[in-house]
Amino acid sequence: MDSRGLDADEKAQPEPTFIPVEEEAPVKPRGFLARIRYYEEVLDRKLGVESHSLDRVLPENRKPPNPLAMAFMWASATMNISCFSTGFLGKEFGLSLGQTVAITICATLLGAAVTGWCATMGPGTGLRQVAISRYSLGYYPSSIIAALNVIEQLGWASVTCITGGLALSAVSDGHVSIAVGVVIVACVSFLVSFIGLRGVLMYEQYAWILFFIIFMIIYGESAHQANLAAPAAVTGPTLSGNALSLVAVIYGSSASWSSIVSDFYVHYPVDTPKIKIFLYTTLGITIPTCIGMLLGACISSALDTNPEWAAAYDNGIGEVLQIIMYPRGFSKFLLVLLVLSGIGVNCIAIYAGSLSAQLFARPCEKVPRIVWSFLVLVCILLLGIAGRDHLLDVLENFLSLLGYWNTSFFVILFTEHYLFRGGSLSNYDLDAWNTPSRMPVGYAGLAAFLCGAAGWIVGMVETYYVGAIAKMISKDGGDVANELALVFTSVTYIPLRKLELKYVGR
């Protein structure tokens with residue numbers, strides 16, 4: 001034995017050698033969609049593009065963003081040329097500036113509050129908004145919400161692309177067509193949304209600062225021209241009807257986020273105070289939306305007394321902005337920057353639209369989010385190019401339609417939460433979100449939604465259709481579709497849901 005206590009034989013044995021075993025490279029799957037899913041997961045590991053975006057985000061897996069992002073992301077999405085353009089509708093309806101200002105503030109706050117309440121469901125559940133709706137509407141009827149969501153996001157994004165295209169056309173003195181501008185805005189937005197929620201929030205948290213500065217500059221150069229003394233161009237029942245129609249449009253603009261808002265809140269802690277979520281979201285939508293819309297209302301009130309602005313307005317929103325801002329080189333620079341404001345809403349629209357497409361049905365879940373995002377992009381381009389010469393008509397009809405169905409959606413979620421689940425998320429089986437047999441059947445939810453739709457139809461005022469009840473208010477109609485949707489949906493849902501629980505049991 002040597003000094004270490006080893007025998008000679010043991011000393012003679014060679015040291016063991018370890019031969020590294022090469023790990024087998026993962027086998028690339030066959031099939032078009034399977035390969036896309038494979039590369040999507042590779043990009044997720046490297047860039048975090050969110051390949052499993054539909055799954056419930058468990059509390060232990062969350063990486064909370066800055067809480068202020070709950071306000072800032074909506075500021076970036078709403079402080080844009082589209083909201084500015086919506087401000088011109090008050091004049092189109094024949095209302096005075098004072099009436100338009102009052103309606104804009106109140107209707108925006110009301111619509112934003114609807115979205116703010118829906119937002120409180122996101123952190124507590126870790127689920128996307130369409131998935132949350134399955135607990136009240138039912139698993140299969142919630143597909144209607146998913147489909148409407150896709151249509152809604154396509155509409156929002158196409159409107160934003162049109163306004164961006166108008167601005168680019170003005171900057172280039174007509175050398176860049178509106179259609180080319182639509183393509184540029186849509187494609188840049190797609191690149192940001194491609195990364196997923198992380199990329200969207202990264203952009204949205206800070207972009208609003210630039211747009212806020214630009215809007216303040218425009219206020220400084222134009223607000224003194226606002227014509228507060230001009231009376232309304234309509235009176236009597238026509239005034240009442242047009243005021244109701246403007247309320248519907250502006251309310252729909254803010255309430256339209258209610259069906260997607262939780263998509264962006266799934267990474268916040270479960271114990272995030274609901275009052276904080278509600279206030280940040282509500283004010284984050286209301287304040288920037290009013291900044292843009294009230295600026296549009298002020299400028300539109302001056303068109304009758306400022307022939308130069310009126311002539312520019314006839315050539316498009318971009319032209320009137322360019323003539324208002326000075327000097328000319330500076331105005332072109334600011335218009336180029338304002339084009340970027342459309343990216344904020346488009347990022348949200350493309351991301352949420354692709355998620356809703358996946359949640360439409362089980363087969364759709366198998367299609368990667370990246371594929372849906374690309375399809376959404378193609379539809380946005382087609383709609384934006386087709387509607388580029390009819391911006392105000394698109395705004396008037398599209399935004400009010402958004403409010404109608406989002407009102408019914410909100411009523412069903414709100415009623416289910418407080419009347420049938422005691423206002424507590426502990427009464428939700430969160431693990432069952434994707435299991436039809438453990439979800440409500442949906443008889444009550446579907447019937448209530450369809451009855452709400454009946455309310456929309458008889459109460460709406462659109463360019464090519466005025467509902468029977470809306471016609472009774474004035475010769476041009478008065479939009480009361482949201483009010484009727486609220487009543488029809490709640491009156492139907494409460495008794496039918498009680499019967500559903502009694503006889504079906506879920």
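Residues numbered from 1 in each chain as written. Predicted model: local features only at pLDDT ≥ 70, side-chain atom pairs only at ≥ 80, totals over all residues. Heavy atoms only, no water.

In the annotation of an unreviewed UniProt entry, the entry for the chain reads Nucleoside transporter, and the organism field reads Aspergillus hiratsukae. Reading the Subcellular location (unreviewed entry) entry of the UniProt record for the chain gives the comment "Membrane". The record in UniProt for the chain states the following under Sequence similarities (unreviewed entry): "Belongs to the purine-cytosine permease (2.A.39) family." (UniProt positions renumbered as here; feature names shortened; annotations may be inferred.)

What follows is about the overall build of the chain. What the chain contains, in helices and strands, is 23 helices and 2 strands. Residue burial in the chain is summarised as follows: out of 506 residues, 57% are buried. Counting contacts in the chain only where the partners sit at least 6 residues apart, residues at least 24 apart contribute 83% of the total. Total accessible area computed for the chain in this model is approximately 21,300 Å², and 67% of it derives from carbon and sulfur atoms. (Helix = DSSP H or I, 4+ residues; strand = E, 2+ residues; numbered from the N terminus. Buried < 20%, exposed > 50% of the residue type's maximum accessible area, 1.4 Å probe, protein only. Contact = heavy atoms within 4.5 Å. Areas by Shrake-Rupley, 256 points an atom, 1.4 Å probe, with all protein chains shown as cover.)

Trp74, Trp257, Phe264, Tyr265, Ile348 and Trp456 are the most contacted members of the largest nonpolar core, which has 77 residues in total. Apart from the residues lying within four places of it in its own chain, the contact partners of tyrosine 265 are Met70, Met73, Trp74, Ala119, Gly122, Pro123, Ile277 and Thr281. Core analysis: the next-biggest nonpolar cluster, separate from the first, contains 56 residues, Leu168, Ala312, Val339 and Ala357 among them. (Core = buried A, V, L, I, M, F, W, Y, C linked by side-chain atoms within 4.5 Å.)

Scanning the entire structure with this criterion turns up 0 disulfides. With no disulfide of its own, cysteine 161 lies closest to cysteine 187 among cysteine sulfurs, the gap being 8.7 Å. Of the residues examined, cysteine 187 reaches a relative accessible area of 32% and is grouped as partly exposed. (Disulfide = S-S within 2.5 Å.)

This brings us to the packing of aromatic side chains. Within the structure shown, the criterion is met by 19 aromatic pairs. For the ring pair tyrosine 135 and tyrosine 428, a centre distance of 5.4 Å and an interplane angle of 65° mean the geometry is edge-to-face. Of this pair, tyrosine 135 sits in helix α8 (residues 129-137) while tyrosine 428 sits in the loop between α20 (391-420) and α21 (443-459); the two residues are 293 residues apart in sequence, bridging distant segments of the chain. In this structure, tyrosine 135 and tyrosine 428 share a single accessibility class: buried. Ring geometry for phenylalanine 420 against tyrosine 493: centres 6.1 Å apart, planes inclined by 85°, an arrangement best described as edge-to-face. With phenylalanine 420 in helix α20 and tyrosine 493 in helix α23 (residues 481-503), this residue pair connects regions lying 73 residues apart in the sequence. (Phe/Tyr/Trp six-rings, centres within 6.5 Å; stacked < 30°, edge-to-face > 60°.)

Take the pattern of salt bridges next. For the structure on display, the rule yields 7 salt bridges. A salt bridge links arginine 497 to glutamate 500; its shortest N-O distance comes to 2.8 Å. Taken together, the residues span about one helical turn, with arginine 497 and glutamate 500 both in helix α23 at a distance of 3 residues. For the residue pair arginine 497 and glutamate 500, the accessibility class agrees, reading buried in each case. Each member of the salt-bridge network shares a partner with another, and the members are Glu416, Arg421, Arg497 and Glu500. (Salt bridge = Lys/Arg side-chain N within 4 Å of Asp/Glu carboxyl O.)

Under the 1.5 Å per step criterion, the end-to-end length of helix α16 (residues 328-339) is 17 Å for 12 residues, consistent within 8% with the ideal 16 Å. Those residues of α16 that fall on the buried side of the exposure criterion are Ser331, Lys332, Leu334, Leu335, Leu337, Leu338 and Val339. (Expected span 1.5 Å × (residues − 1).)

With respect to the helices, strands and loops of the structure, serine 85 is situated in helix α4 (residues 81-86). For serine 85, the side chain forms a polar contact with the main-chain oxygen of isoleucine 81, separated by 2.8 Å. (Polar contact = N/O pair within 3.5 Å; in protein donor to acceptor, adjacent residues only side chain to side chain.)

This brings us to a nonpolar patch on the surface. On the surface, Tyr206, Ile209, Phe212, Ile213 and Met216 cluster together to form a nonpolar patch covering roughly 460 Å² of accessible area. Residue position: phenylalanine 212 is located in helix α11 (residues 197-222). (Patch = residues over 30% accessible without salt bridge, like charges linked within 9 Å, V, L, I, M, F, W, Y side chains within 5 Å.)

Looking now at the environment of glycine 164. Here glycine 164 lies in helix α9 (residues 142-171). The exposure class of glycine 164 is buried, given its relative accessible area of 3%. As a C-alpha pair, glycine 164 and serine 341 span 177 residues in sequence and 8.1 Å in three-dimensional space. Non-local contacts of glycine 164, meaning those with residues more than four positions away in its chain, are made with Val185 and Val339.

All right, on to the packing of helix α3 (residues 69-78) against helix α17 (residues 341-358) then. Interhelical geometry of α3 versus α17 gives an angle of 120° and a closest axis separation of 6 Å. Judged on the interaxial angle alone, α17 and α3 are oblique. Contacts between α3 and α17 pair Met73, Trp74, Ser76 and Ala77 from the former with Ser341, Gly344, Val345 and Ile348 from the latter. Class assignment for the residues of the contact of α3 with α17 results in 5 nonpolar, 3 polar and no charged. (Axes fitted to C-alpha atoms, helices over the stretch in contact; angles between N-to-C directions. Parallel < 35°, antiparallel > 145°, perpendicular 65-115°, else oblique. Nonpolar A, V, L, I, M, F, W, Y, C, P; charged D, E, K, R; others polar.)

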